[in-house]
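For reference, the chains in residue letters:
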Amino acid sequence: MGTPVQVEGYGPRIKAAGQYVRDCHERYKNALAARNQVIVEALDHGYTGHQAARDAQVKQPHIIRILSMSDPDLLEE
């Protein structure tokens, strides 16, 4: 099979990379929540779902899913 090789120093790097992924995911969720709030506000003020979908670069059923969530804390994907 081969000689076992002692590998060191990867643990902290892997942990740091994992934390970076978690941080980026949290920022992503916050950005989605902010976008969704703007969409809801725009629709409340007369902006059409078609326009919102086009501007957010999503399909119109996605806008309907955003609107179906009444709790602002749930305005995430």
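Residues numbered from 1 in each chain as written. Predicted model: local features only at pLDDT ≥ 70, side-chain atom pairs only at ≥ 80, totals over all residues. Heavy atoms only, no water.

A.B. asks: What should I look at first to understand the overall build of the protein chain in this one?
C.D. replies: On a plain count of helices and strands, the protein chain comes out with three helices and zero strands. Helices and strands in the protein chain line up, N terminus first, as α-α-α. By the burial criterion, 17% of the 77 residues in the protein chain qualify as buried. Of the contacts made within the protein chain by residues no fewer than 6 positions apart, 49% connect residues no fewer than 24 positions apart. For the protein chain, the exposed area adds up to about 6,300 Å²; of that, 57% sits on carbon and sulfur atoms. (Helix = DSSP H or I, 4+ residues; strand = E, 2+ residues; numbered from the N terminus. Buried < 20%, exposed > 50% of the residue type's maximum accessible area, 1.4 Å probe, protein only. Contact = heavy atoms within 4.5 Å. Areas by Shrake-Rupley, 256 points an atom, 1.4 Å probe, with all protein chains shown as cover.)

A.B. asks: When you look at the confidence of the model for the protein chain in this model, what are you seeing that I'm missing?
C.D. replies: Low pLDDT means the predicted atomic positions in that stretch should not be read closely. Residues of the protein chain with pLDDT of at least 70 account for 84%, and the chain-wide mean is 85. Taking the mean pLDDT of every element in the protein chain, the minimum, 88, falls on helix H3 (residues 60-68) and the maximum, 94, on helix H2 (residues 49-56). (pLDDT = per-residue confidence, 0-100.)

A.B. asks: Explain the nonpolar core here, please?
C.D. replies: Grouped burial of nonpolar side chains is what soluble globular proteins tend to show. Counting residues in each nonpolar core, the largest one holds seven residues, listed as Ile-39, Val-40, Leu-43, Ala-52, Ala-53, Ile-63 and Ile-66. Considering every element that reaches this core, the biggest residue donor is helix H1 (residues 10-44), with three residues. (Core = buried A, V, L, I, M, F, W, Y, C linked by side-chain atoms within 4.5 Å.)

A.B. asks: Quick question: what am I supposed to make of the environment of Ala-56 here?
C.D. replies: With respect to the helices and strands, the residue Ala-56 is situated in helix H2. Since its relative accessible area comes to 21%, Ala-56 is described here as partly exposed. On a C-alpha basis, the gap between Ala-56 and Arg-35 in space is 8.1 Å, while along the polypeptide they are 21 residues apart. With residues near it in sequence (within four places) discarded, Ala-56 still touches Arg-35 and Ile-39.

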